[in-house]
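Observations on the three-dimensional arrangement
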Amino acid sequence: MTTGRWCRVASEYPTPPPERHLALRSDRAENAKHVRGSEEMPTQPQTNDPAAYPEGAVRSPLPFISGFLGKLVRTGRLTVVDRAGRSHSFGPGHNGPQVTVRLHDPLVPLRILLRPSLALGEAYMDGTITIEKGTLPDLLHLCTGNFQALDRHPIAGLRSDLDRWLRRLQQNNHIGRARTNVAHHYDLSGALYDLFLDQDRQYSCAYFPTGAETLEEAQEKKKRHIMAKLLLEPGMRVLDIGSGWGGLALEMARTEAVDVTGLTLSQEQLLVANERAATAGLSSRVRFALRDYREEQGTYDRIVSVGMFEHVGVAHYRTYFDTLRRRLKPDGIALVHAIGRADPPGSTDPWLRRYIFPGGYCPALSEALAAVERSGLWVTDIEILRLHYAETLRHWFVRFQANRHRANAIYDERFCRMWEFYLAACEAAFRNGPMMVFQLQLARRRDTVPLTRDYIAHRENLDARPEEAVA
């Protein structure tokens, strides 16, 4: 999923410059083909005309799996209308969403049985399944709330075993491949991200202490929470690994008078971050580089990494934490904020891996901590954010839906279906599945941070320092 042939931007997106985000790039053309599939992709659901399927040519497997679905749906109700117009209902109809879907391809049920997430996501993208009652989030909440039994099916067991066996190959994110994977997602049009992110373009889990915060407030509180754990002091040198569009780096420099080096592998993010630093008058204090964390030299008082560890790959965890240790000064502190899983080690959802985050993986905490232990770093604090990302994704989905027509003008209908499925599926995974966010505070010495956590709340609640105090 890159720029390339996806892009059909209109003149209503003058900032950032369209030529930057929308230029055809040969090195991403193949990725664009991978996501789009065909230049003639229909923007409406496939026909339900019986003539499209001659009698006896294809027989729907739905009757053969009805009994299986009946056992799976324990809350809510799922009604499936097959290509012939027959309705099949599953579930008691209470304590959950009530959803009706229509199938436009008789083989969709079989594909979903064999590869649930991948097949459902592709069917929604292609329009071979449409929702007639309820919403996409309703459908995905019903699925994630009921279909855990699929994981115990023999077919699912074989699939999981194969995915775990292949995951080191899938996540072999050497420097060249890491750049390609980042470009697949983060070098999309900046106008797209403006449709659903906050004004600072924080593209990671926000922090909702009360649950009543707006998205902008929650993202500001996330930054303050992270900075409090870093124990920043004026004049410190900070390394931001995976600096995105520069929001956190600029906030640290502006409010804490620190010197920040931000690393990204996204050309688009690099350009925007440098522009933001120049506009804010902070170019002397904040600099951004197109560089892999493994290429960085020098030592730093503090290291922060937000939403980047998910792109490292399990085979590179030892290298990642060894790099943190080498780049930290003896009294340094690092903060790693990442998506993880509360269940044992597994593999990446196949639909997300194919269309959204190639090479990505959200680890079990046990996997991350094992690599930390081998690096010799101290874990000085662990915090688990359970539902904060679910709320963040809910905000993103609502904003994307409100601006869906603009996204359609930038890309096309299939892209919009893919993106809304991505946001809604991830929210459902955080509400009903094992996904969570962890923050690891790390140090080289056991006495680097205070002995209790009281300092975190104290520092994050301090008012931002006045500009003249940090100039």
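This report concerns the structure included in the present document. (Residues numbered from 1 in each chain as written. Predicted model: local features only at pLDDT ≥ 70, side-chain atom pairs only at ≥ 80, totals over all residues. Heavy atoms only, no water.)

The next thing to look at is the overall build of the protein. Tallying secondary structure elements over the protein gives 20 helices and 11 strands in all. Taken across its 471 residues, the protein has 56% of its residues classed as buried. Across the protein, every contact between residues at least 6 apart in sequence was considered, and the portion connecting residues at least 24 apart equals 74%. (Helix = DSSP H or I, 4+ residues; strand = E, 2+ residues; numbered from the N terminus. Buried < 20%, exposed > 50% of the residue type's maximum accessible area, 1.4 Å probe, protein only. Contact = heavy atoms within 4.5 Å.)

Another aspect to go through is the sheet that holds strand β4 (residues 129-133). Pairing is mixed in the open sheet, where 4 strands are placed in the order β2-β1-β3-β4. In the strand order of this sheet, the two ends are held by β2 (87-90) and β4, each with one partner. Direction aside, neighbouring strands of the sheet carry axes that sit 25° apart on average. Inspection of the sheet shows strand β1 (residues 77-81) paired to β2 by 4 bridges, in the antiparallel sense. Across the sheet, residue Leu78 finds its bridge partner in β2, namely Phe90. (Pairing = 2+ DSSP bridges. Axes fitted to C-alpha atoms, helices over the stretch in contact; angles between N-to-C directions.)

Turning next to the pairing of β1. Summarising burial for β1: 4 of the 5 residues are buried, a large majority. In this antiparallel pair of consecutive strands, β1 and β2, the connection spans 5 residues, and Gly85 shows a positive phi of 90°.

Once that is clear, we can look at the side chain of Asp200. Structurally, Asp200 is set in the loop between α9 (190-194) and α10 (215-230). A polar contact is formed between the side chain of Asp200 and the side chain of Gln202, at a distance of 3.0 Å. Side-chain polar atoms of Asp200 contact the side chain of Lys223, separated by 2.7 Å. With residues near it in sequence (within four places) discarded, Asp200 still touches Lys223, Gly247 and Arg276. (Polar contact = N/O pair within 3.5 Å; in protein donor to acceptor, adjacent residues only side chain to side chain.)

Bringing the packing of helix α5 (residues 116-126) against helix α18 (residues 413-432) into the picture now. Running from N to C, α5 and α18 cross one another at 145°; their axes reach a closest spacing of 8 Å. Regarding α5 and α18, the two cross each other, and that crossing is right-handed. In contact with Leu120, Gly121, Tyr124, Met125 and Asp126 of α5, α18 contributes Arg414, Arg417, Met418, Glu420 and Phe421. Residue composition of the contact of α5 with α18, by class: 5 nonpolar, 1 polar and 4 charged. (Left-handed = near helix turned anticlockwise from the far one by under 90°. Nonpolar A, V, L, I, M, F, W, Y, C, P; charged D, E, K, R; others polar.)

Spanning 20 residues, α18 covers 28 Å between terminal C-alpha atoms, matching the ideal 28 Å at 1.5 Å per step. Among the 20 residues of α18, 16 are classified as buried, and the element is accordingly described as predominantly covered. N-cap assignment for α18: the residue whose side-chain oxygen lies 3.3 Å from the backbone N of Arg414 is Asp412. (Expected span 1.5 Å × (residues − 1).)

Counted by the stated rule, this structure contains 31 salt bridges. Where Glu122 meets Arg354, a salt bridge forms, and the shortest distance between an N and an O atom there is 3.0 Å. Of this pair, Glu122 sits in helix α5 while Arg354 is found in helix α14 (residues 350-355), placing the two residues 232 residues apart along the sequence. Its relative accessible area of 35% is what places Arg354 among the partly exposed residues. Between Asp447 and Arg445 there is a salt bridge, with its nearest N and O atoms 3.1 Å apart. (Salt bridge = Lys/Arg side-chain N within 4 Å of Asp/Glu carboxyl O.)

Now for the packing of α10 against helix α16 (residues 388-402). To characterise two packed helices, one gives the angle between the axes of the helices and the distance between these axes. Axis separation between α10 and α16 bottoms out at 11 Å; the angle between their running directions is 140°. In terms of orientation, α10 lies oblique with respect to α16. In the crossing of α10 with α16, the sense of the turn from one axis to the other is left-handed. Each of Leu215, Glu216 and Gln219 in α10 lies in contact with α16, whose residues at this interface are Thr392, His395, Trp396 and Arg399. Each residue belonging to the contact of α10 with α16 can be placed in one class, and the counts come to 2 nonpolar, 3 polar and 2 charged. (Parallel < 35°, antiparallel > 145°, perpendicular 65-115°, else oblique.)

The sheet built from 7 strands is open, its strands ordered β7-β6-β5-β8-β9-β11-β10 with mixed pairing. For this open sheet the edge positions go to β7 (286-290) and β10 (378-385), each flanked by a neighbour on one side alone. Looking at each pair of strands side by side, their axes are set apart by 15° on average, direction ignored. Pairing of strand β6 (residues 259-264) with β7 involves 5 bridges; the strand directions are parallel. Residue Leu263 lies in a different strand from β7, and its bridge partner there is Ala289. Most of the contacts of α10 go to strand β9 (residues 328-341), to which it runs at about 145°, and overall it touches β8 (300-306), β9, β10 and β11 (435-443).

When you tally the buried positions in α5, you get 9 out of 11 residues, the bulk of the element. Within α5, burial applies to Pro116, Leu118, Ala119, Leu120, Gly121, Glu122, Ala123, Tyr124 and Met125. Positive phi appears at Gly127, one or two residues downstream of α5, with a value of about 80°.

Residues Leu107, Leu110 and Leu114 make up a contiguous nonpolar surface patch of about 210 Å² in total accessible area. The exposure class assigned to Leu107 is partly exposed, which follows from its relative accessible area of 32%. (Patch = residues over 30% accessible without salt bridge, like charges linked within 9 Å, V, L, I, M, F, W, Y side chains within 5 Å. Areas by Shrake-Rupley, 256 points an atom, 1.4 Å probe, with all protein chains shown as cover.)

Let us look at unusual backbone geometry. Of note, Arg201 is a non-glycine position whose phi angle comes to about 55°, a positive value. With respect to the helices, strands and loops of the structure, Arg201 is situated in the loop between α9 and α10. Judged by its relative accessible area of 9%, Arg201 falls in the buried class. For Leu231, which is not glycine, the phi torsion reads 50° and is therefore positive.

The next thing to look at is the nonpolar core. Among the nonpolar cores identified, the biggest contains 69 residues, and Leu192, Phe196, Tyr203, Trp351, Trp396, Trp419 and Tyr422 are the most heavily contacted of them. Excluding residues that lie within four positions of it along the chain, Phe196 makes contacts with Tyr203, Leu215, Trp396, Arg399, Phe400 and Trp419. Formed by 29 residues, the second largest nonpolar core is a distinct cluster that contains Ala289, Ile303, Val312 and Leu440. (Core = buried A, V, L, I, M, F, W, Y, C linked by side-chain atoms within 4.5 Å.)

Turning to the packing of aromatic side chains, a few remarks are in order. Applying the stated criterion across every chain, the model contains 24 aromatic pairs. Judged by centre distance (5.4 Å) and plane angle (50°), the rings of Tyr203 and Trp396 are tilted. Residue Tyr203 is located in the loop between α9 and α10, and its partner Trp396 is located in helix α16; the two are separated by 193 residues in the primary sequence. No difference in accessibility class separates Tyr203 from Trp396, as the two residues are buried. Considering the side-chain rings of Phe309 and Tyr320, the 5.0 Å spacing of their centres and the 50° angle between planes classify their relative orientation as tilted. Here Tyr320 lies in helix α13 (residues 317-327) and Phe309 lies in the loop between β8 and α13, a separation of 11 residues in the sequence. (Phe/Tyr/Trp six-rings, centres within 6.5 Å; stacked < 30°, edge-to-face > 60°.)

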